[in-house]
Amino acid sequence: MKKLVLTLFAMFVALTVMAEQLTSPDGNLVMTFRLAEGGKPTYSLTYKGKEVVKPSALGFEFVDNAYRTYGHYDQVVSRPVYSMREGFSQKGSETATFDETWTPVWGENSKIRNHYNELLVKLCRDERGFLLNIRFRLYNDGLGFRYEFPAQATKKLAYFVIKEEYTEFAMAGDHMAYWIPGCYATQEYQYEASRMSEIRQRMPEVSRNVGTASICTFSPTGVQTSLQLRSDDGLYINIHEAALVNYSCMHLDLNDKTNVFTSHLTPDALGYKGWLQAPCHSPWRTIEVADSACRILESNLVLNLNEPCALEDTSWIKPVKYIGVWWELMLGKSRWYYTKDFKGVKLGEDDYTKVKAVPNHGANNENVRRYIDFAAKHGFDQVLVEGWNIGWEDWFGCKKEDVFDFQTPYPDFDVKALNEYAHSKGVRLMMHHETSSSIRNYERYMEAAYSFMNKYGYTSVKSGYVGDIQPLGEHHFGQFMVNHYLYAVKEAAKHKIMVNAHEAIRPTGLCRTYPNLIGNEACRGTEYYTNADSGIKPHHATIMPFTRLNGGPVDYTPGIVNCKFAEQTKSAKKAKRCVMATICNQLALYVTMYSPLQMAADLPENYEKQPQAFQFIKDVAVDWDESHYLAAEPGDYIVAARKAKGKNEWFVGGISDENAREIPISLDFLDKDKRYEATIYADGKDAHYMDNPHSYTVTTQKVTAKTKLKLRLAAGGGVAISIKERE
């Protein structure tokens with residue numbers, strides 16, 4: 001009997017051992033790691049005693065020997081699958097504490113604290129001796145963890161192919177979710193707010209509501225990260241990833257019967273999710289947790305989990321406020337292409353000097369000089385010019401590899417003279433590299449294209465990846481493209497060039513390591529007001545700071561002050577569309593949508609007709625010493641206040657969804673011994689995002705740190721405030 005009791009006790013211990021806890025520095029968050037029955041790694045997370053993540057599985061499936069048959073699809077898919085989800089034993093663990101304050105090159109704040117407690121769990125897959133470590137870092141604002149694959153005992157174990165990653169996020173309830181469909185190709189969907197259990201029902205409509213050229217959804221309950229959640233008991237939970245390098249982008253697939261999200265990686269052309277060689281590691285999986293929406297917006301978890309700046313010299317990286325030959329293209333007033341004479345373009349063979357030019361090619365010398373003059377007059381740093389280079393006649397939809405050379409201008413664009421003219425006015429031109437997603441072509445020309453920029457004095461480039469990826473079968477968010485995007489940024493840094501990538505992958509904090517990655521699109525932005533009947537509903541912009549901006553800034557291209565298109569375009573379709581926002585909403589976006597790269601997107605002539613609104617756009621800063629979120633609720637409203645870097649000037653921006661509302665705020669962030677004057681740009685009493693978007697007032701008043709304001713926001717409206725110290 002005694003022997004039986006001892007045996008049962010040993011079995012009980014074997015099933016429950018290796019449970020370790022990690023606590024956040026402030027004690028509010030507790031993470032528990034445990035090897036469950038069968039050697040299955042699991043973790044759970046609580047916040048102030050409330051369940052955030054219930055016990056959730058960790059692990060992978062690998063494809064055995066896939067390297068041996070790479071390129072033979074019928075053989076690759078038949079290779080055996082090797083489970084890395086159970087059969088582990090724990091070989092040890094290590095703990096550590098870290099606390100530093102670092103200075104970003106640019107950002108929402110000039111100082112960021114990086115303070116966490118760490119647990120490293122060392123595991124071994126008993127059957128083959130495969131080593132796997134899991135590193136957890138617990139901050140006051142959330143949890144980050146990643147898989148680490150140390151050096152293996154044999155070469156056979158050192159090379160492996162991921163069939164799927166099975167990281168679970170088991171939620172404690174049917175939370176409100178703020179989501180866009182899981183997709184391998186685009187983030188340009190309109191954000192949806194629903195219960196997790198309603199995602200399946202809402203998915204067909206939300207998935208259709210996109211106007212991009214490349215779409216590839218994968219599941220009726222699949223969603224993208226960053227995913228914002230809100231529990232009924234007042235917790236705000238955000239799931240994302242940090243430091244995405246040499247790995248596939250993670251999506252989340254929901255089991256709507258159990259409320260469990262499971263990681264779903266973007267596949268390659270063969271259907272596999274990653275080709276790795278130890279030693280290596282996955283990106284961080286992040287879970288931000290707070291009991292207020294404002295604290296989620298203030299989190300630096302994703303940035304902190306990235307490596308420090310890799311560039312020795314960052315003096316050439318400067319925040320940029322710009323205008324450009326762009327909105328006129330969106331409205332259909334001008335064209336990217338130069339001629340209609342070519343039925344197809346052959347680079348290096350076709351002679352553009354012998355064809356008839358269209359009358360409305362936008363990137364012509366006279367028009368670009370007009371933009372340069374406007375930028376110089378009003379203090380803008382750069383002028384973006386799209387459609388300057390040959391190849392736009394058949395750039396899209398032809399699955400063409402040799403689409404652009406990124407160096408040869410159209411006959412009516414004098415690259416040397418225009419750059420010299422801009423420099424004489426204290427302005428620079430911004431380069432545009434649309435790749436048409438022909439990746440080998442872009443990489444083949446990249447060195448020459450960046451050298452071309454250096455030659456003529458360009459310091460920043462807007463790159464684009466419209467259309468299906470070539471090589472065909474690869475996806476925008478797979479390992480192949482993840483590596484390409486970073487390659488482009490690193491090569492640009494060698495030439496002291498800043499990158500603003502459009503249609504690329506959503507950011508994961510890599511701007512900390514490579515701060516020349518100064519902007520990303522990766523969202524449904526302002527262009528959708530002109531090119532989709534569904535436009536952008538006002539609630540979309542109140543969700544994005546919780547989701548898309550969690551990993552880095554956005555080039556949202558705000559600042560439209562003529563919100564009706566009927567008198568601005570000859571396109572019958574576009575004439576029926578409009579900006580679904582008031583003018584003050586557009587102004588407020590410069591504060592609520594953080595970016596060190598901000599565009600005044602509207603036409604120069606529209607700004608000349610709205611000088612008061614335009615004044616705020618000229619005044620507002622693009623780099624900050626401090627940022628505070630004064631009020632927020634995803635899908636409803638956001639109010640943010642930011643202090644301009646190196647100045648005692650503050651800017652406040654507030655936006656609302658489709659509902660009008662009043663929001664009280666305090667100006668207690670101001671210096672208590674200073675006096676200020678506030679210029680308030682507010683929606684008019686009769687303002688409405690559809691019916692009367694141009695109604696607004698501008699008033700001034702004296703304010704101090706004791707001042708309290710009641711902000712009135714119209715439906716789809718906003719408020720923008722400039723606060724300067726009184727002399």
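Going by the structure above, here's the rest.
Residues numbered from 1 in each chain as written. Predicted model: local features only at pLDDT ≥ 70, side-chain atom pairs only at ≥ 80, totals over all residues. Heavy atoms only, no water.

To continue, consider the overall build of the protein chain. A tally of regular secondary structure across the protein chain gives 17 helices and 37 strands. Expected size for 727 residues packed as a compact globule is a radius of gyration near 27 Å; at 26 Å, the protein chain falls within 12% of this value. In terms of overall dimensions, the protein chain has a C-alpha envelope of 95 × 70 × 50 Å along the principal axes. When the 727 residues of the protein chain are sorted by exposure, 63% land in the buried category. Within the protein chain, contacts between residues at least 6 apart in sequence are counted, and of these 71% link residues at least 24 apart. Here the protein chain displays about 27700 Å² of accessible surface, and carbon together with sulfur accounts for 49% of that area. (Helix = DSSP H or I, 4+ residues; strand = E, 2+ residues; numbered from the N terminus. Rg over C-alpha atoms; globule rule 2.2 N^0.38 Å. Buried < 20%, exposed > 50% of the residue type's maximum accessible area, 1.4 Å probe, protein only. Contact = heavy atoms within 4.5 Å. Areas by Shrake-Rupley, 256 points an atom, 1.4 Å probe, with all protein chains shown as cover.)

It is worth spelling out the pattern of salt bridges at this point. In this structure the tally under the stated criterion is 40 salt bridges. Glutamate 61 serves as the salt-bridge partner of arginine 85, at 3.9 Å between the closest nitrogen and oxygen. Here arginine 85 is found in the loop between strand 6 (81–84) and strand 7 (88–102), whereas its partner glutamate 61 is found in strand 5 (residues 60–63), with 24 residues between them in sequence. A salt bridge links glutamate 100 to arginine 512, with the shortest nitrogen-to-oxygen separation between them at 3.3 Å. With glutamate 100 in strand 7 and arginine 512 in the loop between strand 27 (498–502) and strand 28 (517–520), this residue pair connects regions lying 412 residues apart in the sequence. For arginine 512, a relative accessible area of 8% gives the class buried. Within the structure, one salt-bridge network assembled from shared partners comprises Glu118, Arg135, Arg137, Arg146 and Glu148. (Salt bridge = Lys/Arg side-chain N within 4 Å of Asp/Glu carboxyl O.)

The next thing to look at is the nonpolar core. Grouped burial of nonpolar side chains is what soluble globular proteins tend to show. Judged by nonpolar contacts, the single largest core of 201 residues is most densely connected at Phe136, Phe149 and Ile287. Leaving out residues up to four positions away in the same chain, phenylalanine 136 has contacts with Leu22, Met31, Phe33, Tyr43, Leu58, Asn117, Glu118, Leu119, Val121, Leu143, Gly144 and Phe145. Ranked by size, the runner-up nonpolar core spans 23 residues in total, among them Ile663, Leu667, Ala678 and Ala682. (Core = buried A, V, L, I, M, F, W, Y, C linked by side-chain atoms within 4.5 Å.)

Moving on: the packing of helix 15 (residues 583–592) against helix 17 (residues 611–619). Relative orientation of the contacting elements helix 15 and helix 17 amounts to 5°, with a least axis distance of 10 Å. Viewed along their axes, helix 15 and helix 17 adopt a mutual orientation that is roughly parallel. Contacts between helix 15 and helix 17 involve Ile583, Leu587, Tyr590 and Val591 on the former and, on the latter, Ala613, Phe616 and Ile617. Each residue belonging to the contact of helix 15 with helix 17 can be placed in one class, and the counts come to seven nonpolar, no polar and no charged. (Axes fitted to C-alpha atoms, helices over the stretch in contact; angles between N-to-C directions. Parallel < 35°, antiparallel > 145°, perpendicular 65-115°, else oblique. Nonpolar A, V, L, I, M, F, W, Y, C, P; charged D, E, K, R; others polar.)

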